[in-house]
Amino acid sequence: MPVYIRKGPTEIPEPSEGGGSDDDKDLFLRDPEQFQDRLPQPYRMIEKVLNRLVDKAWGVISEREASRIAKGSRKKKNVLDPTAEVKLQKKPNCLSCSRDGKYVFLGHYQGLSVISTSSLICVAAWEDESLEITSLHSGCLGEVTYVLSTVDDMGVSRIFAFCPDFICLIKTINETDDISQRKVYTKFELSEGGNCAAAVIECSGEFWLEVYRFPVETWLKELEVIQAASQKQVPHSPGGGEMKFSPIGLIMKIRPPRILSGTSLKSPFEVLQRTEDGNVIGSGKHHMISGHQWEDQQAVFKYVYRKVLCENKCKAKEGEDSPSRTSSYPSTPSPQSLPLPTSKTK
């Protein structure tokens, strides 16, 4: 019986665009990833309806997102132009603006200057030829009274009060005759209300943080007396004329924790004898960790994070001229953090 064989390799014809149903397009032979059994009816129809709803919803979301991005790109940013130019007699090193926007305080060589934002003129000044102010912060003591904290190039910190057209030196905190015994203030910042301040202090290679509280009500009464007596005088207070004000109060002093060192104790019994209660080992100084264990831990840390340490070291070398400065943000305790009253039992 003759057999007719077609010459050439057999080819699988491509499916036509119009031919075939939607069910035939889902055959796993044409999509190798679909080796699972097809869902029976009516679940197959439900799946198609859900997929169409999801695709339609996604299309609407994409259109809305594209229109939102297009509208955002068309918005013009507000550009603020300077209203006027103020010529300064001295180059300022630092400045601070009052919270009400009425005054701008400038710290420069030989003292302080106050510029009114409404008239753009210097309304008050405090001068001392022996210093140069490098850091300045401002706060509000009352409606028309402001407190200023400054640090000069020698690390001496001062507190000023500014009433309308009048600057008064309240206190020089760390000025001493012996420079070797002076506490150097590297940072001195005020709280929002101006009733507290925090200072970072350096002395003999040690650093710590001190927090102060100002007697605001007493200072306001004392300033009223001084202002009433000096209304007929020029609003200028010389550097040497420091007036007597109520002293500030030290709230707390925070020192950095000491670096843990290896112990010389040889047994847990010796450690328990050093503790107060005799039931706790390791209160920061009485422990059983030897010196070589700390060294091994430090070596492992440097090996694991060697890449990050190298990057930080390179950044520190690049920014040697502009060292980083810490900032403090005093806050009042919330009602949830206050201690609850204890009931007394008879």
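What you are looking at is a predicted structure, and each value in this text was computed from that prediction instead of being measured. (Residues numbered from 1 in each chain as written. Predicted model: local features only at pLDDT ≥ 70, side-chain atom pairs only at ≥ 80, totals over all residues. Heavy atoms only, no water.)

Looking at the overall build of the protein chain
Looking only at helices and strands, one finds 5 helices and 10 strands in the protein chain. Looking at the protein chain as a whole, 25% of its 346 residues are labelled buried. Contacts in the protein chain between residues at least 24 apart in sequence constitute 46% of all its contacts with a sequence separation of at least 6. In the form shown here, the protein chain has an accessible surface area of approximately 27,100 Å², with 55% of it arising from carbon and sulfur atoms. (Helix = DSSP H or I, 4+ residues; strand = E, 2+ residues; numbered from the N terminus. Buried < 20%, exposed > 50% of the residue type's maximum accessible area, 1.4 Å probe, protein only. Contact = heavy atoms within 4.5 Å. Areas by Shrake-Rupley, 256 points an atom, 1.4 Å probe, with all protein chains shown as cover.)

A closer look at the sheet that holds strand S10 (residues 249-254)
If you walk across this open sheet you meet the 4 strands as S7-S8-S9-S10, and the pairing is antiparallel. With one partner strand each, in any of the chains shown, strand S7 (184-190) and S10 form the two edges of the open sheet. Each neighbouring strand pair of the sheet contributes to a mean axis angle of 20°, computed without reference to strand direction. Looking at chain direction, strand S9 (residues 206-213) and S10 are connected through 5 bridges and run antiparallel. If you follow Val211 over to S10, its bridge partner there is Met252. (Pairing = 2+ DSSP bridges. Axes fitted to C-alpha atoms, helices over the stretch in contact; angles between N-to-C directions.)

Quick notes on the sheet that holds strand S4 (residues 146-152)
Taken in spatial order, the 6 strands line up as S1-S2-S3-S4-S5-S6 in an open sheet, and their pairing is antiparallel. Single-partner strands in this sheet number two, and they are strand S1 (92-97) and strand S6 (166-172). The mean inter-strand angle of the sheet, taken between neighbouring strand axes irrespective of direction, is 30°.

Section: the nonpolar core
Core analysis: the biggest nonpolar cluster contains 25 residues, and Ile159, Tyr185, Phe188, Tyr212, Phe214, Trp219 and Phe245 have the highest contact counts within it. Elements supplying a minimum of two residues to this core: S4, strand S5 (157-163), S6, S7, strand S8 (196-203), S9 and helix H2 (216-229). Residues in contact with Phe214, not counting those within four places in the same chain, are Ile159, Phe188, Leu190, Gly194, Asn195, Cys196, Ala197, Trp219 and Ile248. Counting 17 residues, the second-largest nonpolar core is a separate cluster that includes Tyr103, Phe105, Leu112 and Leu169. (Core = buried A, V, L, I, M, F, W, Y, C linked by side-chain atoms within 4.5 Å.)

Looking at the packing of aromatic side chains
This structure, assessed with the given rule, holds 10 aromatic pairs. Look at Tyr103 and Phe162: their rings are 5.0 Å apart centre to centre, the planes differ by 75°, and that puts the pair in the edge-to-face class. Here the residue Tyr103 occupies a position in strand S2 (residues 103-116), and Phe162 occupies one in strand S5, the gap between them amounting to 59 residues. We note that Tyr103, like Phe162, is buried. (Phe/Tyr/Trp six-rings, centres within 6.5 Å; stacked < 30°, edge-to-face > 60°.)

Focus: the confidence of the model for the protein chain
Mean pLDDT over the protein chain stands at 76; residues scoring 70 or higher make up 72%. Between residues 333-346, whose pLDDT stays under 50, and residues either more than four places distant or in other chains, the model counts 1 contact. (pLDDT = per-residue confidence, 0-100.)

What to know about the pattern of salt bridges
According to the stated counting rule, one finds 5 salt bridges in the structure shown. Here Lys253 ties to Glu210 by a salt bridge, and the two come within 3.8 Å at their closest N and O atoms. Taken as a pair, Lys253 in strand S10 and Glu210 in strand S9 lie far apart in primary sequence, 43 residues in all. For Glu210, a relative accessible area of 4% translates into the label buried. (Salt bridge = Lys/Arg side-chain N within 4 Å of Asp/Glu carboxyl O.)

Side note on the side chain of Asn174
Position of Asn174 among the secondary structure elements: in the loop between S6 and S7. For Asn174, the side chain forms a polar contact with the main-chain oxygen of Gly155, separated by 2.8 Å. If sequence neighbours within four positions are ignored, Asn174 has contacts with Gly155, Val156, Ser157, Arg182, Lys183, Val184 and Tyr185. (Polar contact = N/O pair within 3.5 Å; in protein donor to acceptor, adjacent residues only side chain to side chain.)

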